[in-house]
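One letter stands for each residue in the lines below.
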Amino acid sequence: MEGVLWKWTNYWNGWQTRWFVLENGILSYYKSQEEVIQGCKGSVKVSVCQINVNNIDNTRLDLVIPGQQHMYLRAPSPQDRQKWLVALGSAKACVESIIEFKGAGYEDSLTHKKSELHLYCDLLMQQVHAVKSAANTEDGPDVQKITDASSLLTATCDTFIRTLEDIMKLMSNATSITNSVPYEMPVPHIAINKNSSNTSKTTSNKNLLPARSTSQENR
């Protein structure tokens, strides 16, 4: 996916239009579409980002890399923001599905999926409110606004359900792997002769070991 988004640069220049391209799980931006061949101004891996939506501005979406970088963005319209959110969420899900299930990888994937659910919950609340507002106007229901809001709500619901299914798969994999751990026979108790007691104490003593003791892009 590609298109124009407004990017916050700094307090001097404010919001500036940039051409964004989402490809292979990487979001890159350029000064304009014509300058794509000159190289990108910056890029970020979607898989490491938290995607946040603004509760007041329905065109705003923020990409946050914890402890490193924030990318504040605005779409031309709520519909465009919805398309970008779905595309970013799908790209993130595709990258995470490739990660092989192993301890930390599983925990990271589950954490990202939970953050996605929070994102989609916020979107659902905003879009439900938009439908209610369009239906309860003083001059009667605004059919066009209801249609637009309902379309966005449908897309968000579909993405929300897919994310829930991903979480269920992760949990199912965790359960199957836990159950597949081979059973180990308990070590039987062996009586020790008095003559060997000193030797066993010396050996056990040898086995005792000590306990193991980023900024905003302005382009």
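Let me begin by describing the structure that accompanies this report. Bear in mind the structure is a predicted one, so any value in this text is a computation, not a measurement. Within every chain, residues take consecutive numbers counted from 1 along the sequence as written. Note on the predicted model: pLDDT of at least 70 is required for a residue's local features to be given, and 80 or more for side-chain atom pairs to be given and counted; whole-chain, interface and lining totals, by contrast, use all residues. For the side-chain quantities, the full set of heavy atoms in the structure was used; hydrogens and water were omitted.

Digging into the pairing of strand 3 (residues 26–30)
Among the five residues of strand 3, four are classified as buried, and the element is accordingly described as predominantly covered. Of the pairings in the sheet, the one linking strand 2 (residues 14–23) to strand 3 comprises five bridges and is antiparallel in character. The partner of W19 across the bridge, within strand 3, is Y30. Only strands joined by at least two bridges in the DSSP assignment are considered to pair. Secondary structure counts use DSSP, requiring at least four H or I residues in a row for a helix and at least two E residues in a row for a strand, with both numbered from the N terminus. The turn joining strand 2 and strand 3, which pair antiparallel and follow one another in sequence, is formed by two residues; a positive phi near 55 degrees is taken by N24. Bridge count between strand 3 and strand 4 (residues 42–45): four bridges; the pairing is antiparallel. Across the sheet, the residue bridging to S28 is S43, located in strand 4. Partly exposed residues are those whose accessible area sits between 20% and 50% of the maximum for their type, while under 20% is buried and over 50% is exposed, using a 1.4 Å probe and protein chains only.

Details of the pattern of salt bridges
A carboxyl oxygen of Asp or Glu within 4 Å of a side-chain nitrogen of Lys or Arg is what we treat as a salt bridge. Overall, the coordinates contain two salt bridges when judged by the stated rule. R74 is the salt-bridge partner of D57, the closest N and O atoms lying 3.3 Å from each other. Of this pair, D57 sits in the loop between strand 5 (50–53) and strand 6 (60–65) while R74 sits in strand 7 (residues 69–74), placing them 17 residues apart in sequence. Relative accessible area serves as the criterion here: at 31%, R74 is assigned to the partly exposed category.

Let's talk about the side chain of T59
You can see T59 is positioned in the loop between strand 5 and strand 6. Within polar-contact distance, the side chain of T59 engages the side chain of D57 at 2.7 Å. Two residues qualify as a contact provided that any one of their heavy atoms is within 4.5 Å of a heavy atom in the partner residue. Apart from residues lying up to four places away in sequence, T59 is in contact with L73, R74, A75, S77, P78 and R81. Pairs of N or O atoms are called polar contacts if they sit within 3.5 Å, as long as, within protein, a hydrogen donor faces a hydrogen acceptor (for residues adjacent in sequence, only side-chain-to-side-chain pairs).

Let's talk about unusual backbone geometry
Glycine aside, negative phi is the norm for most residues, and most peptide bonds take the trans geometry. Residue N24 is not a glycine yet carries a positive backbone phi of 55 degrees. Within the secondary structure layout, N24 lies in the loop between strand 2 and strand 3.

A short note on the sheet that holds strand 2
Spatially, seven strands are ordered 4-3-2-1-7-6-5 in an open sheet, and the strand pairing comes out antiparallel. The open sheet has two free edges, formed respectively by strand 4 and strand 5, since each of these has just one partner strand. In this sheet, neighbouring strand axes are inclined to one another by 35 degrees on average, regardless of whether the strands run parallel or antiparallel. Relative to strand 2, strand 1 (residues 2–10) runs antiparallel, the two sharing eight bridges. Note that in strand 2 the partner of N10 across the bridge is G14. Axis definition: a line fitted to C-alpha atoms, limited for helices to the stretch in contact. Angles are taken between N-to-C directions and run from 0 to 180 degrees.

Concerning the packing of aromatic side chains
Aromatic rings from Phe, Tyr and Trp, taking only the six-membered ring of Trp, are treated as a pair when their centres fall within 6.5 Å; an angle between ring planes under 30 degrees marks them as stacked, one over 60 as edge-to-face, and anything in between as tilted. Following the criterion strictly, the structure yields three aromatic pairs and no others. Consider the rings of W8 and Y11, whose centres lie 5.3 Å apart with planes at 80 degrees: the pair is edge-to-face. Centre to centre, the rings of W8 and W15 are 5.5 Å apart; their planes meet at 70 degrees, and the pair counts as edge-to-face. A residue is classified by how much of its surface remains accessible, and W15, at 26% relative accessible area, is partly exposed. In this structure an aromatic cluster arises from ring pairing among W8, Y11 and W15. Put simply, a charge is over a ring when the Lys NZ or the Arg CZ is close to the ring centre, within 6 Å, and near the line of the ring normal, within 35 degrees. Directly above the ring of W15 sits R74, whose terminal nitrogen or CZ lies 5.4 Å from the centroid.

Concerning the environment of A135
Topologically, A135 is positioned in helix 2 (residues 103–135). Overall, the relative accessible area of 31% leaves A135 in the partly exposed class.

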